[in-house]
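Listed below are the residues making up each chain.
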Amino acid sequence: MRYYFLIVGVVCVLYYVLLGAYSRRLTSTFAGFWLISGGAHLILGCAPFSDTVWQMMKPAVAAAWILFAAVEVRILIGMIPEKERKADCIIILGAQVRGRRITNSLKRRLDAALSYLERYPDTMVVVSGGQGKGEDISEAEAMAEYLTGRGVPEERIIREDRSTSTRENFRFSRKFFDPERSVTGIVTNDFHMCRASMIARQEGYGRLIRIPASSNTVFQLNYLVREFFAILALLIPGRRG
C-alpha cells in the first residue's frame, strides 16, 4: 500500500504540472485537486503506519476505486452520441467567455451545434448563459455572435442570458418551449453530457437528444474526475447540484 500511495501521489503532481504547463495557468478549472490529492497521497505514503493499518486501508481503497469506476462508466456512456434525429430546439449550455472571446470548450460546443443546425434548418437554438466575472458580455450574447457570424439567421436564435449554472441553463430555458413535449437537444462537451442530461430530466425535460461536443485531450482526465464528484453530489438524496 505504501508504494501505491507514493506512485499515485507522484502521478497526480506530475499531471498538475502538465496542466499548468499546457494552459500556462496554475489555477485552471479543478487543477488544484491534483496538487492537493498528490500531496495527500505522498504524505500517506511516507507515514509510519503499522502493517495492521496498511491492511485496513486496502478494502477502503478498493471500495473507492469501485465507486469511481461505476460512476465513470455512467459518464462514458453519456458521451456516446445517440442515433441522430431532428430536435424541435437545441440548447447550447454556456461556458466561460474571456472578455468577449470564446474559450476552447465553448467553441467546441458551438461548432457541434453549427453542424447539427446545418442538417436541420428548421430547428431553433437557445444559447444559454449569463455574464460572469471577467466576461464583458453574457455567454449567450457571445454564442449568438459566433453563430450569426457563421450564417445562422438571427430569427433562429433565442437568448437566455441570466443563468449561472447548468441547472439554471435548463430552468430558465423552459419558458421558450414546452420541455415535456418538445424534443430537446442538449449541446455540451462530451464529459459534461451525463450530468447535464440528469439535471435536464430533474428539470422536467422529457424528450432529450444528446449532441456531445469534443473536449481537450490533455484536460480530459481532469474533467472526468471533476464530473465524478459533481455527479456524486447530484445522487445525494434531497440535493440538486
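Read on for a plain summary of the structure.

## Let's talk about the pattern of salt bridges
Part 1: A full pass over the atoms with the stated rule returns 11 salt bridges.
Part 2: When the shortest N-O distance is used, the salt bridge between R167 and E203 registers 2.8 Å. On the criterion of sequence distance, the pair formed by R167 in helix α6 (residues 166-173) and E203 in the loop between α7 (193-202) and β7 (207-213) is long-range, its members being 36 residues apart. For the pair R167 and E203, a shared accessibility class is recorded, and that class is buried.
Part 3: One salt bridge connects R195 with E227, and the closest N-O pair in it is separated by 2.7 Å. Highlighted residues: R195 in helix α7 and E227 in helix α8 (residues 220-235), separated in sequence by 32 residues. Here R195 matches E227 in class, with each residue buried.
Part 4: Members of the salt-bridge network, linked through shared partners, are E141, E154 and R159.

## A word on the pairing of strand β5 (residues 157-160)
Part 1: As paired elements, strand β4 (residues 124-128) and β5 share four bridges and run parallel to each other. The partner of V126 across the bridge, within β5, is I158.

## So, the nonpolar core
Part 1: One finds W34, I75, I91, F170, I186 and Y205 to be the most contacted residues of the largest nonpolar core, which totals 33 residues.
Part 2: Among the secondary structure elements, those contributing two or more residues to this core are α1 (2-23), α3 (51-78), β1 (89-93), α7 and α8.
Part 3: Discounting residues that sit within four places of it in the chain, F170 has contacts with I91, L93, I186, A196, I199, A200, E203 and Y205.
Part 4: Among the nonpolar cores identified, the runner-up in size contains 30 residues, and V97, Y116, I137 and V183 belong to it.

The rules behind these values
Residues numbered from 1 in each chain as written. Predicted model: local features only at pLDDT ≥ 70, side-chain atom pairs only at ≥ 80, totals over all residues. Heavy atoms only, no water. Salt bridge = Lys/Arg side-chain N within 4 Å of Asp/Glu carboxyl O. Helix = DSSP H or I, 4+ residues; strand = E, 2+ residues; numbered from the N terminus. Buried < 20%, exposed > 50% of the residue type's maximum accessible area, 1.4 Å probe, protein only. Pairing = 2+ DSSP bridges. Core = buried A, V, L, I, M, F, W, Y, C linked by side-chain atoms within 4.5 Å. Contact = heavy atoms within 4.5 Å.

Limitation: the analysis is restricted to geometry and does not speak to function.
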